[in-house]
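A closer look at the structure
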Amino acid sequence: MTVWDDLVGQEKVSAVLDAAARDADALVTAAAAAEPLPEASKMTHAWLFTGPPGAGRNQAARAFAAALQCVSPDRALGGSPGCGFCDGCHTALLGTHADVTTVAAVGAEILVKDMRDTVRKSFTSPANGRWQIILVEDAERLNEKSANAVLKAVEEPAPRTVWLLCAPSVEDVLPTIRSRCRHLNLTTPSVAAVADMLVRRDGIEPEVAAFAARATQGHVDRARRLATDPAARERRAAVLRLPLRLDEVGACLRAAQELVDAAAEDAKQLAEEMDGKEAEELKTALGAVQGGRMPRGTAGVMKDLEDMQKRRRTRTQRDSLDVALGDLTGFYRDVLALQLGSRVAIANADTADSEAALDRLARGSTPESTLRRIEAIAACREALDRNVAPLLAVEAMTMALRAG
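For every chain, the first residue of the written sequence is number 1, and numbering continues from 1 onward in sequence order. Only residues with pLDDT of at least 70 are given local features in this predicted model, and only at 80 or more are side-chain atom pairs given and counted; all residues enter the totals for whole chains, interfaces and linings. Side-chain metrics in this entry use all non-hydrogen atoms of the structure; hydrogen atoms and water are not considered.

This next bit is on the overall build of the protein chain. Check the secondary structure of the protein chain and you find 15 helices and five strands. The C-alpha radius of gyration computed for the protein chain amounts to 24 Å, which stays within 12% of the reference 22 Å derived for 404 residues, consistent with globular compactness. Oriented by its inertia axes, the alpha-carbon framework of the protein chain measures out at about 75 × 55 × 40 Å. In the protein chain, which comprises 404 residues, the share counted as buried stands at 45%. Residues count as neighbours in contact if any of their non-hydrogen atoms are within 4.5 Å of one another. Taking all contacts inside the protein chain whose residues are at least 6 apart in sequence as the whole, residues at least 24 apart take part in 72%. Residue burial considers only the protein chains on display, and all accessible areas are found by Shrake-Rupley using a 1.4 Å probe. Surface accessibility of the protein chain: about 20300 Å² in total, with carbon and sulfur atoms responsible for 53%. Between the centroid of the 51 positive side chains of the protein chain and the centroid of its 57 negative side chains there is a distance of 3 Å. Secondary structure elements are taken from DSSP: a helix is a run of H or I of four residues or more, a strand is a run of E of two residues or more, and numbering for both begins at the N terminus. Only C-alpha atoms enter the radius of gyration, while the globule expectation follows 2.2 Å times N to the 0.38, with N the number of residues. Only protein chains enter the accessibility calculation, which uses a 1.4 Å probe; a residue whose area is less than 20% of its type maximum is buried, one above 50% is exposed, and one in between is partly exposed. Charge counting follows a simple rule: Lys and Arg are positive, Asp and Glu are negative, and His as well as the terminal groups are ignored. Charge placement uses NZ in Lys and CZ in Arg. For Asp and Glu, CG and CD serve respectively.

Written out as structure tokens, the structure is:
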């Protein structure tokens, strides 16, 4: 199993990255042997991975990072880097490699204070790996100051440093940054490819895999979660029942409150799993004495951790809401397909109840009203991105869905 096996439906991207990893391996080997470097190298110091949600941008970047750190002895025999089994591949894929630094947005933005240490590290030589790799999972969330810090590092990189930036589209990244990156665009994998991956890699029953892949329309991570987590399937079912409940104003407000509460519960569960553990680990690292008393001068560090955790809870809540809004959009897309007599495969007719709901809404409204409802969901997403209070944004959406 190579590191490219998890890139579902991305054969062209895998081929480009495999060729670059081979050239990168040759560059390091030639430098170590003081030999002349190859002239036409496919390797470069900065890469930009774009594509729709679920296409696997972060997975592609991490697989490439693993291939760059691969230390398999098969390379000397002509094998391709990225075996998936050696220590370099294994730790890079797990996120524990000392020379692979991952930056992800904790809140709505990646702040410059979150990037300072990373930018400084990018100018150092690898500690024990073959390359110093900086992987920015949410490059679209870099604010002006943090983006400028990245720009300076990408403009004049250290010889053995590679930047891997991930964003939904090239327009989400500063022109000055993207002009210095090699761009790879990933596409949404087919439903059949995702279903095959779930069966082959995760041991999911074919019927369940087909349902999850179809329901998420090729979103790999959500398909895996839907196939393996009964709670996720129940939350989705509750969201798909929502359009039939919006018959009066009070019902709209209750439905909005339930959506927001469910997202808040997701954030709370994550906080319970992570916040206490992080706090205890930091206290130990700072030298807390028995009884939990902290040494002098450490209150600011603990406050920074609490602020980060608060930002993460907000981000988690909004990510959970976004999943629900995506399910709603898919539901109304199916309604529109039925109204127009489209041959597009219906994604949400996986039960008799959901099929009946789709038919009922398709017969009881017009394509124009369905389009307005889809636009209302998109407006809710935009409002959440602008930090509008979640309950206010979702209430406005449910009222718009009722009006049609």
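The strand order E2-E3-E4-E1-E5 describes an open sheet built from five strands, whose pairing is parallel. Here the strands that pair on one side only, and so sit at the sheet edges, are strand E2 (100-103) and strand E5 (182-185). Averaged over all pairs of adjacent strands, the angle between strand axes in this sheet comes to 15°, irrespective of strand direction. Two strands qualify as a pair provided DSSP detects at least 2 bridges between them. Pairing of strand E3 (residues 132-136) with strand E4 (residues 161-167), which is carried by five bridges, proceeds in the parallel orientation. Bridge pairing in E4 links Ile133 to Val162. Only the contacting stretch of a helix is used when fitting its axis, a line to C-alpha atoms as for every element, and angles between N-to-C directions run 0 to 180 degrees.

Another aspect to go through is the pattern of salt bridges. Counted as salt bridges are all cases of a side-chain nitrogen of Lys or Arg within 4 Å of a carboxyl oxygen of Asp or Glu. For the structure on display, the rule yields 15 salt bridges. With its nearest N and O atoms 3.4 Å apart, the salt bridge here joins Arg241 to Glu234. For Glu234, a relative accessible area of 45% gives the class partly exposed. The shortest N-O distance in the salt bridge between Asp322 and Arg381 comes to 2.9 Å. A residue pair is termed long-range when its members are at least 10 positions apart, and Asp322 in helix H12 (residues 299-340) and Arg381 in helix H14 (residues 367-385) qualify at 59 residues. Each of Arg222, Asp322 and Arg381 takes part in salt bridges that share partners, so that together they form one network.

In this structure, Met43, Trp47, Phe49, Phe64 and Leu164 are the most contacted members of the largest nonpolar core, which totals 36 residues. Per-element tally for this core: the top contributor is helix H2 (residues 57-68), with eight residues. Setting aside residues up to four positions removed in sequence, Met43 forms contacts with Ala20, Asp23, Ala24, Leu27, Phe64, Leu68, Val162 and Arg182. Joining through side-chain atoms within 4.5 Å is the link that ties buried Ala, Val, Leu, Ile, Met, Phe, Trp, Tyr and Cys residues into a set, and such a set is a nonpolar core. Residues Cys252, Ala263, Leu328 and Leu384 belong to the second largest nonpolar core, which totals 29 residues.

It is worth spelling out the pairing of strand E1 (residues 46-50) at this point. Taken across its five residues, E1 has five buried, putting it largely inside the fold. The pairing of E1 with E4 spans five bridges and is classified as parallel. Its bridge partner lying in E4, Thr50 is registered against Ala167. Judged from the four bridges that link them, E1 and E5 form a sheet pairing that is parallel. From the neighbouring strand, Leu48 faces E5, where its bridge partner is His183.

A word on the pairing of E4. For a regular strand, side chains alternate in direction, first toward one face of the sheet and then toward the other. A large share of E4 lies buried, amounting to seven of its seven residues. The alternating pattern of E4 places Thr161, Trp163, Leu165 and Ala167 on one face and Val162, Leu164 and Cys166 on the opposite face, and all of these are buried. With strands facing away from the observer, any crossover in which the path from the first strand over the helix to the second runs clockwise is taken as right-handed. Remark: the E3/helix H5 (residues 144-155)/E4 crossover connection has right-handed handedness.

Here a patch means residues that are over 30% exposed by relative accessible area and free of salt bridges, tied together within 9 Å if like-charged and within 5 Å if nonpolar (Val, Leu, Ile, Met, Phe, Trp, Tyr). A surface patch of negative charge is lined by Asp261, Glu265, Glu272 and Glu273. The topology assignment puts Glu265 in helix H11 (residues 249-286). For Glu265, a relative accessible area of 38% corresponds to the partly exposed category.

Between the rings of Phe, Tyr and Trp (Trp by its six-membered ring), a pair exists once the centres lie within 6.5 Å; its type follows the angle of the planes, with under 30 degrees stacked, over 60 edge-to-face, and the other angles tilted. Applying the stated rule across the entire model yields two aromatic pairs. Measuring from ring centre to ring centre gives 5.0 Å for Trp47 and Phe64, while their planes differ by 70°; the resulting arrangement is edge-to-face. On the criterion of sequence distance, the pair formed by Trp47 in strand E1 and Phe64 in helix H2 is long-range, its members being 17 residues apart. The pair formed by Trp47 and Phe64 is uniform in burial state, with each residue classed as buried.

The next thing to look at is the side chain of Asp138. Looking at the secondary structure, you find Asp138 in the loop between E3 and H5. Any pair of N or O atoms that falls within 3.5 Å is considered a polar contact. Within protein, one atom must be able to donate a hydrogen and the other to accept it, and sequence-neighbouring residues count only if both atoms are side-chain atoms. At 2.9 Å, the side chain of Asp138 forms a polar contact with the backbone nitrogen of Ala105. Here Asp138 is in contact with Val103, Ala104, Ala105, Ile110, Cys166 and Arg315, once residues within four sequence places are set aside.

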